[in-house]
Amino acid sequence: MSRTPKITAQPGSGSLQTTLIRLSRVTEWMLNLLMVVALVAMIALVFTNVVLRYGFNSGISISVELSRFLFVWVIFLGTVVGLMRHEHLSVTTFSDRLPQKVQGVLRRLVTLAMLGCCLMLVKGSYAQTLLNWSDRSPISGIPVGVFYLAALIAGVLMSLILIFRLLTPRHLQSLPKNTEMAP
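Everything numeric here is computed off the predicted structure, so don't read it as measured data.

Cut-offs and rules
Residues numbered from 1 in each chain as written. Predicted model: local features only at pLDDT ≥ 70, side-chain atom pairs only at ≥ 80, totals over all residues. Heavy atoms only, no water. Axes fitted to C-alpha atoms, helices over the stretch in contact; angles between N-to-C directions. Helix = DSSP H or I, 4+ residues; strand = E, 2+ residues; numbered from the N terminus. Parallel < 35°, antiparallel > 145°, perpendicular 65-115°, else oblique. Left-handed = near helix turned anticlockwise from the far one by under 90°. Phe/Tyr/Trp six-rings, centres within 6.5 Å; stacked < 30°, edge-to-face > 60°. Buried < 20%, exposed > 50% of the residue type's maximum accessible area, 1.4 Å probe, protein only. Contact = heavy atoms within 4.5 Å. Salt bridge = Lys/Arg side-chain N within 4 Å of Asp/Glu carboxyl O.

**Student:** What should I look at first to understand the packing of helix α3 (residues 100-132) against helix α4 (residues 145-167) in this one?
**Tutor:** When two helices pack together, their arrangement is given by the angle between their axes and by how far apart the axes lie. With their axes 8 Å apart at the nearest point, α3 and α4 run at an angle of 155° to one another. Considered as vectors, α3 and α4 are oriented roughly antiparallel to each other. Between α3 and α4 lies a crossing of left-handed hand.

Below you can see the structure in the form of structure tokens.
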């Protein structure tokens with residue numbers, strides 16, 4: 001499964017940091033569990049459908065829609081976990097050559113830009129969720145707004161993570177840049 005970070009609270013860092021680290025670990029664990037369950041369900045649905053189609057000339061018509069819904073949710077939950085673990089794509093060729101103070105300012109500016117994008121995602125996905133909630137998918141009858149709800153929830157979670165990063169000093173954030181990872 002995924003590697004969990006080894007994070008130890010520094011002496012005198014206070015209970016707030018310890019609480020935030022625990023909250024981060026529990027949230028990441030829950031998101032990973034949801035993604036694993038969704039992936040297992042997708043594999044079971046698709047495999048069963050393939051066997052039924054080629055072996056028995058029948059199939060489960062709902063499996064295609066459910067797999068698509070689950071896939072969208074796995075993608076958006078995965079983006080949240082990637083952001084939590086600082087595993088999102090970043091190109092630091094230029095910024096690594098700058099002085100430390102300038103890197104800190106640049107890091108905050110980039111976080112602000114990311115927060116702006118997440119807030120636009122929240123706004124747009126909220127509007128689409130409301131707009132499409134009354135529409136039903138043809139086979140399963142699940143509201144089409146469930147697709148956009150995944151983006152809405154991911155956008156809110158990522159916005160909270162980015163706001164936390166903006167408001168706290170780097171050494172108090174739950175996963176520093178050079179944290180050693182456990183196997």
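**Student:** I tried to follow the packing of aromatic side chains on my own but got confused; where do I start?
**Tutor:** Both the distance between ring centres and the angle between the ring planes are used here to describe each pair of aromatic rings. With the rule as written, the count across this model stands at 1 aromatic pair. Relative to Phe147, the ring of Phe69 lies with its centre 4.3 Å away and its plane at 15°, an arrangement referred to as stacked. A residue pair is termed long-range when its members are at least 10 positions apart, and Phe69 in helix α2 (residues 62-84) and Phe147 in helix α4 qualify at 78 residues. For the residue pair Phe69 and Phe147, the accessibility class agrees, reading buried in each case.

**Student:** Would you mind going over unusual backbone geometry with me for this structure?
**Tutor:** Peptide bonds are, in most cases, trans, and in most cases residues other than glycine have a negative phi. The backbone of Asn57 sits at a positive phi, close to 55°, despite the residue not being glycine. Inspection of the secondary structure puts Asn57 in the loop between α1 (15-56) and α2. One non-glycine residue, His86, lies in positive phi territory at about 60°. Checked against the element boundaries, His86 lands in the loop between α2 and α3.

**Student:** What is the right way to look at the environment of Ile62 in this model?
**Tutor:** Mapping Ile62 onto the fold places it in helix α2. Here Ile62 falls in the partly exposed class, since its relative accessible area comes to 30%. Sequence separation between Ile62 and Ile139 is 77 residues; the distance between their C-alpha atoms is 5.9 Å. Ile62 has contacts with Ile139 and Ser140, leaving out every residue within four places of it along the chain.

**Student:** Explain the pattern of salt bridges to me, please; I cannot follow it from the model alone.
**Tutor:** Side chains that differ in sign of charge can pair as their charged atoms come close. The full count for this structure, using the stated rule, is 2 salt bridges. We note a salt bridge from Glu28 to Arg85, for which the minimum N-O separation is 2.6 Å. Placement of the pair is Glu28 in helix α1 and Arg85 in the loop between α2 and α3, with a sequence separation of 57 residues. Classification of Glu28 by relative accessible area gives buried; the value is 6%. Exposure remark for Arg85: the relative accessible area of 7% places this residue in the buried category. Ionic contacts of the salt-bridge type, sharing partners, join the residues Glu28, Arg85 and Glu87 into one network.

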